[in-house]
Each structure stands twice: as structure tokens, then as C-alpha cells.
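Each chain is listed here by its residues.
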Amino acid sequence: VLFSFQDRLFDVVRSRHPEATVFFNSGHAGPKHRKMLGAFTHLELESLPSGGWGYMHFPLAQRYARGLGRDTMGMTGKFHTSWGDFSSFKNPAALEFECLNMLSLGAKCSIGDQLHPSGRICPETYDLIGGVYAKVEAAEPWCRGAEPVADVALMTPEEFAGTGGHGGLPPAAIGACRMLQEARCQFDIIDSQSDLSGYKVLVLPDEIPVDAALVAKVSAFVAGGGAVLASYRSGLSPEGDGFSLEELGVSLKGPAEFSPDFVVPGELGE
């Protein structure tokens, strides 16, 4: 029903305005959007870090969304907390970081505001926004037409397990993304439908089951010189009864008896 509604409304809009942009509002862009791209001209990634999304949400969403063949735009807000908190102003350094982070990841940027119930424009709000957008404007020549170049592909558990955990995102995806960013790796977030050519390393974080189709894809990637890094249960069959990927060179012994495990050092020679 949802897909039918989107397709019909998209056709109505474009029949009357062929150049109109169309986006169906969603607080998060992820693998579910791949099936509905025909009704979108672009993707808007709503992400107020201090309003519940957190600072790991936008990197995760954008590193995936930019690979779907649609223009992308990040959306933060002038509010320190969440939409409509008229008593708050985003810290200027935070707002600057958020907008420049959008540009660095290949997205356009926008700063949301809401008209105060009094109906009066708040000049302090637009002094804040204008100061940040001056830096965005200065960076624009390096951003127009820029395309990301990545060596590493991080497969999202969201495709298999949905969202959940911190900020509505899979904890394994958050941890892997944070480590790769802190290691200054250039990486994309992908799903099982993505093209692996062009990457040197494929990361399967914690909860990536591997069916026959994905086995063939990953095996071809390895045969072509690619490397695979899999953690925890990644690489197991969908049934969880053994590892599907022979390239890993491991066999399933079962869950660890204790978690976490500890090592106690003894005397030399013991």
C-alpha cells in the first residue's frame, strides 16, 4: 500500500511539474529505501545529533544513502535539543561541525527552523545560521560535483536485523563505523545488493548472515584480490549452524561458555 501510494503521488506531481523534487519524509534513510527509489528524486537525511539522533547517526545514514544513486541532503536544526524548542540555540561550533560534516560526506546541508508561535522571525536564529553558512559557502567550490572514493565496504546489519539499539541503529554498525572513522579509513556502508568492485576490503560486523547468493558474491570478491574481515557471528549461514564462507578458514565450535573471557597472568613458566 505504501509503495503504491508513493508511486501514484510521484506520478501526479511530476505530471504537473516535471522538474519538481519529490521526497517522502523519513527520519532515517536505510536499506528499506532501495525498494522505493523510483518515487524519490533525492534523499533528505533528518539528523539532529543533540535531539535524539546522536552524532553517529548521520555518518551511518549518509555513507549508505550516497550509494543509492540519488542526490542527498543532510538536515539538522538550529535548536539545541529537538524541533520546536524555541528556548534553545545550537552551539555555533556544533552547528558548524554538523554542516561541514555533511559536506565532507558528500551531502548538501540544511538547517531547520520553525516559525515562533508569535509569528515573528527571530534575528538571533539567522545570525547563527548565517555565520555557519558563510563557511559552507566558502567550501562550495570544492564540494560541487565531488564524489567519494572508498577502499573499504562496511556491510550494514540493518538489512538483516532492522534498526535497534542506540539511536535506533544496530550497535555493531555504530561500533564498526566509529572504529573506521577514528582510523581515518575511507569507507562506504553497503548492503548485499551493492557492487563490491572497486573496494579492497569488505567488513562484515558481528551480525551478517551469509546465504548462497552472498557466498557467491563474497567468494568472487576474494578471488579477485579482495580481503574480508568478519567478526562474531558474521559469515554464519542464515540458520546459524555453521560458517558459509570457506574463505574464513574457521569452523563453528559454538557460543563461548563465558562472555567476556579474561586472561589471568601467572608466574613465568606456569
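For clarity, every value in this text was computed on a predicted model and none was experimentally measured.

## Some points on the overall build of the protein
Logical step 1: What the protein contains, in helices and strands, is 7 helices and 7 strands.
Logical step 2: Taken along its principal axes, the extent of the C-alpha atoms in the protein is 75 × 55 × 35 Å.
Logical step 3: Scored against the burial criterion, the 270 residues of the protein give a buried share of 40%.
Logical step 4: A sequence separation of at least 24 residues applies to 66% of the contacts in the protein between residues at least 6 apart.
Logical step 5: Accessible area of the protein: about 15,600 Å², with a carbon and sulfur share of 56%.

## Comments concerning the pairing of strand S5 (residues 187-190)
Logical step 1: The two faces of S5 match: Phe 187 and Ile 189 on one face and Asp 188 and Ile 190 on the other face are all buried.
Logical step 2: Note that strand S4 (residues 152-155) and S5 share 4 bridges and pair parallel. Considered in S5, the bridge of Ala 153 is made with Asp 188.

## A short note on the sheet that holds strand S2 (residues 71-77)
Logical step 1: Across the sheet, which stays open at both edges, the 3 strands sit in the order S1-S2-S3 with parallel pairing between neighbours. In the strand order of this sheet, the two ends are held by strand S1 (42-46) and strand S3 (108-112), each with one partner. Averaged over all neighbouring strand pairs, the angle between strand axes comes to 25°, with direction disregarded.
Logical step 2: Relative to S2, S1 is paired through 5 bridges, and the arrangement is parallel. In the sheet register, Leu 43 faces S2, and the bridge partner there is Thr 72.
Logical step 3: Packed on one face of the sheet, helix H3 (residues 92-104) meets S2 and S3 and runs near 150° to S3.

## Re unusual backbone geometry
Logical step 1: With an omega of 0°, the peptide bond between Ser 259 and Pro 260 qualifies as cis.
Logical step 2: By secondary structure assignment, the location of Pro 260 is in the segment after strand S7 (227-230).
Logical step 3: Positioned with a positive phi, Arg 184 is a non-glycine residue whose angle comes to about 60°.
Logical step 4: The topology assignment puts Arg 184 in the loop between helix H6 (171-182) and S5.
Logical step 5: At Asp 206, a position not held by glycine, the phi torsion is positive, near 65°.
Logical step 6: Here Asp 206 is to be found in the loop between strand S6 (201-204) and helix H7 (212-223).

Here is what the cut-offs are and how they apply
Residues numbered from 1 in each chain as written. Predicted model: local features only at pLDDT ≥ 70, side-chain atom pairs only at ≥ 80, totals over all residues. Heavy atoms only, no water. Helix = DSSP H or I, 4+ residues; strand = E, 2+ residues; numbered from the N terminus. Buried < 20%, exposed > 50% of the residue type's maximum accessible area, 1.4 Å probe, protein only. Contact = heavy atoms within 4.5 Å. Areas by Shrake-Rupley, 256 points an atom, 1.4 Å probe, with all protein chains shown as cover. Pairing = 2+ DSSP bridges. Axes fitted to C-alpha atoms, helices over the stretch in contact; angles between N-to-C directions.

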